[in-house]
Amino acid sequence: MTTPMIEVDNVSRAFDMLRAVDDVSLSVGEGETVGIIGTNGSGKTTLLNLITGYLQPTSGRILFRGSDITGLGPRRVTTLGVARSFQVPQLYTGLTVLDNLLIAIAAHSGRTADFWTPMHRRDALVRAQDLAARFGLSERGTAEVRSLPEGARKVLDVVLSVILEPKVLLMDEPTSGVSARDKFSVMDMLMPTLRERRVTTIFVEHDMEIIERYAERAVAFDAGRIIADGPVAGVLAIAEVRRAVLGES
Amino acid sequence: MSNTATQVSVPVAVMATFAVLALLPVFLSDWIVFLLALALAKGAVVLGVVLLLRGGLISFGHALYYAVGAYTVGFLANRFGIGEALIAVPLAIVISGLLAAVLGFLLTRFRGIYFAMLSLAFSMIVYTVLIKFYDLSGGTDGLSVRGFSLAGVAPVHSGLVKYYLVLVLTAAAAYIGARFLASPLGYLMQAVRYNEIRIEYLGASASHAILASYIISGAISGVGGALVAFLVGQVSPELAYWVASGDFVFVAVLGGTGSVFAPWIGSVVFELVKNYAVKFSPGTWQLTLGVFLLLVIYFQPQGLWGLLTRWRAEPR
């Protein structure tokens, strides 16, 4: 049996009296695409924050390829190969799209301490322009990020994580803020690359069309607990999931 | 203007500027050449402040490195009779850089007003040490810097030689500053200003970026102090005083942070305005300077450098 890429082992996280994540266990294998669903406040983003080290669990442990990464901070977790994108895009808003991409490229190639060679050197610039073109950002390459529409920011936020060539990619609502017309094209640009690289992908999403189309497996959250875990169609057919997550009476 | 034309015009403009600066002593009186040398030397310290400002960090204590660079020269000359610039300046760089490494290690945990105040506190500690340790530092009298020499030669026209030394080291500091600003570390410092969370989630370290930048900034500022010590021939604790640190921040805002040349533009304009303000309104020169800065901030928030970039951006 192969070692799972990510194992969440009886993890809980409490904020004062509130148990945002309550005794959650989850195992995700290499190359799997898992969609996490649930209402606001059900613990989805908290789980992502726990896996990436932004928050520490109150109890339980988190394993990456069998190694305990509980207690490691985001930088260490990222360098191990676990990257993430955010619900609210985390970008360098006063810099251009290309500069954002180039900083990520420099970080991935371990050049962030380099104070002598130009960041815009030819090979890095070609790669940044190629990425911008591939993800529909080339027309906005020299625009400051603060001037971008929300959808383009979300895409850029995801691309920064993809540049790191992660083994595991966690995405928090990758299509929120993206227009209904563009949401599938964003995912269509992204998912083939991730599948091709056999990246384990876990994404939080409220849009069930996205879940049905791109996830192989769904994990449903309610009140900090996992209430269902399995193939998407099966999970979405469960009465408790339809009531708690989809709001059906 | 095409990109290619811009890329060509920048180095040409820089070389032309240095050529003009090199020729100025032929046309200008000694005192204004001295003033210019002083402004260029202090410009190096302002560059140090600007490198941190790009990361949103305001150092209200950079006079510390200015003073350390100056006292390195003063101490060598006064206590050991070594006035050789080729020994004193590199030593000033090393000592300032090492001190910046130690203090930077403590400072990198802080941001905003806490960074500003802690850096100010460090500079005031050095100021106090310089006053109290009379045997070492000469107390409030400071130390005189005698016996200037360059490559073993004590020049007859030392003022002129010092001017050219300042010019060469200014060019070197500007070159290093330009490389820094265009480098991954330079951009990462800008990234610190906008989003430290994303830096960590790229697997990089905001603290390491700040520390490395702080060391470079401190070392460059030490060069400025060393040059001022040679130019003035005297070092005193006021070099580390908070007013001096405030002046460097003032000049950094005046010049702007948009280019590696902005600190020197700000520094030269500052010294000229200050000198003429003292000359024409000796009792209210600080008021004149304050009004001048207010006008610049109000009409040109990107500093004096912004005027140049606006001019370059005009369609012609």
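Residues numbered from 1 in each chain as written. Chains lettered and ligands numbered in written order. Predicted model: local features only at pLDDT ≥ 70, side-chain atom pairs only at ≥ 80, totals over all residues.

**What about the overall build of chain A?**
We apply this condition: Runs of E in the DSSP output that reach at least two residues are strands. Runs of H or I that reach at least four are helices, and both are numbered from the N terminus. Only the C-alpha atoms count toward the radius of gyration. The rule for a globule is 2.2 Å times the residue count to the power 0.38. Counts of 20 or more other C-beta atoms within 10 Å of a residue's own C-beta define buried residues, counts of 12 or fewer define exposed ones, and intermediate counts define partly exposed ones; C-beta atoms are placed from the backbone. Here, residue contact means that the backbone-derived C-beta atoms of the two residues sit within 7 Å.
What chain A contains, in helices and strands, is nine helices and 10 strands. For 249 residues, the compact-globule formula gives about 18 Å, and the C-alpha radius of gyration of chain A, at 18 Å, lands near that figure. When its C-alpha atoms are laid out on the principal axes, chain A stretches across 55 × 40 × 40 Å. The burial tally for chain A puts 48% of its 249 residues in the buried class. Taking all contacts inside chain A whose residues are at least 6 apart in sequence as the whole, residues at least 24 apart take part in 66%.

**A look at the overall build of chain B**
When helices and strands are tallied, chain B shows 14 helices and two strands. Here the C-alpha radius of gyration of chain B, 19 Å, is about what a compact globule of 316 residues would show, namely 20 Å. With respect to the principal axes defined by its C-alpha atoms, chain B has extents near 50 × 45 × 45 Å. For chain B, the proportion of contacts with a sequence separation of at least 24, taken over those separated by at least 6, is 79%.

**A short note on the nonpolar core**
Using the following cut-off: Linking buried Ala, Val, Leu, Ile, Met, Phe, Trp, Tyr and Cys residues through C-beta atoms within 7 Å yields a set, and such a set is a nonpolar core.
Ranked by internal contacts, the top residues of the largest apolar core, which has 182 residues, are Leu101 of chain A together with Ala67 of chain B. Here Leu101 of chain A is in contact with Ala128, Leu131, Ala132, Val159 and Ile163 of chain A, once residues within four sequence places are set aside.

**Some thoughts on the environment of Ala215 of chain A**
All names here are of chain A. Along the chain, Ala215 falls in the loop between α7 (208–214) and β9 (217–222). Considering only alpha carbons, one finds Ala215 and Ile105, 110 residues apart in sequence, at a separation of 28 Å. With residues up to four places along the chain from it excluded, the contact list for Ala215 reads Thr33, Val34, Gly35 and Val232.

**A short note on the sheet that holds strand β5 (residues 67–68) of chain A**
Residue and element names in this part refer to chain A. Here is the rule we go by: Between any two strands, pairing holds if DSSP finds at least two bridges.
With antiparallel pairing, the four strands of this open sheet are ordered in space as β2-β1-β4-β5. With one partner strand each, in any of the chains shown, β2 (18–28) and β5 form the two edges of the open sheet. Note that strand β1 (residues 6–15) and strand β4 (residues 59–64) share five bridges and pair antiparallel. Along β4, the bridge assignment pairs Val8 with Ile62.

**A word on the interface of chain A and chain B**
When the parts come together, some accessible area is lost, and that loss is often what is quoted as the size of the interface. This is how the line gets drawn: Under this grouping Gly is polar, as are all residues other than the nonpolar Ala, Val, Leu, Ile, Met, Phe, Trp, Tyr, Cys and Pro and the charged Asp, Glu, Lys and Arg.
In this complex, chain A contributes 27 residues to the contact, which on the side of chain B involves 25 residues. Counting residues per element, the ones that place at least two in the side of chain A that touches chain B are α2 (74–80) and α3 (97–108) of chain A. No other element matches α3 of chain A, which puts five residues into the side of chain A that touches chain B. In terms of residue class, the side of chain A that touches chain B is built from 15 nonpolar, seven polar and five charged.

**Some words on the sheet that holds strand β6 (residues 82–84) of chain A**
Residues and elements named next belong to chain A. The following threshold applies: The axes used here are C-alpha line fits, helices contributing only the stretch in contact, and every angle between their N-to-C directions lies in the interval 0 to 180 degrees.
Read across the open sheet, the six strands follow the order β6-β7-β8-β3-β9-β10; overall the sheet is mixed. Both edges of this open sheet fall to β6 and β10 (225–231), since each of them pairs with a single strand only. Pairwise comparison of adjacent strand axes, ignoring direction, gives a mean angle of 15° for this sheet. Here four bridges tie strand β3 (residues 33–38) to strand β8 (residues 200–204), and the two strands are oriented parallel to one another. What sits directly across from Gly35, in β8, is Phe203. Against the sheet, helix α1 (residues 44–51) makes contact with β3, β6, β7 (168–172), β8 and β9, and its axis sits at roughly 145° relative to β7, the strand it touches most.

**Thoughts on α3 of chain A**
Residues separated by three or four positions in an α-helix point in the same direction, a consequence of the helix having 3.6 residues per turn. As a reminder, the rule being used: Helices are assigned an expected span. That span is 1.5 Å times one less than the residue count.
When the terminal C-alpha atoms of α3 of chain A are compared, their 17 Å separation across 12 residues agrees well with the 16 Å that a helix rising 1.5 Å per residue should span. All buried positions along α3 of chain A are accounted for by Val97, Leu98, Asp99, Asn100, Leu101, Leu102, Ile103, Ala104, Ile105, Ala106, Ala107 and His108 of chain A. Close packing links the buried residues of α3 of chain A with α4 (122–134) and α5 (150–163) of chain A together with α8 (184–194) of chain B. Of the residues flanking the end of α3 of chain A, it is Gly110 of chain A, one or two places downstream, whose phi is positive at about 65°.

**Some details on the packing of helix α3 (residues 63–80) of chain B against helix α10 (residues 206–232) of chain B**
Residue and element names in this part refer to chain B. We count it as follows: In this scheme, roughly parallel covers angles under 35 degrees and roughly antiparallel covers those over 145, while 65 to 115 is roughly perpendicular and the rest are oblique. Two helices crossing with the near one rotated counterclockwise from the far one by less than a right angle form a left-handed crossing, whereas a clockwise rotation gives a right-handed crossing.
Contact pair α3 / α10: the axes reach a minimum separation of 6 Å and the direction vectors enclose 50°. When the axis of α3 is compared with that of α10, the two are oblique. For the pair α3 and α10, the crossing hand works out as right-handed. For the pair α3 and α10, contact is made by Tyr65, Tyr66, Ala67, Val68, Gly69, Ala70, Thr72, Val73 and Gly74 and by Gly218, Ser221, Gly222, Val223, Gly224, Gly225, Ala226, Val228, Ala229 and Phe230, respectively. Each residue belonging to the contact of α3 with α10 can be placed in one class, and the counts come to 11 nonpolar, eight polar and no charged.

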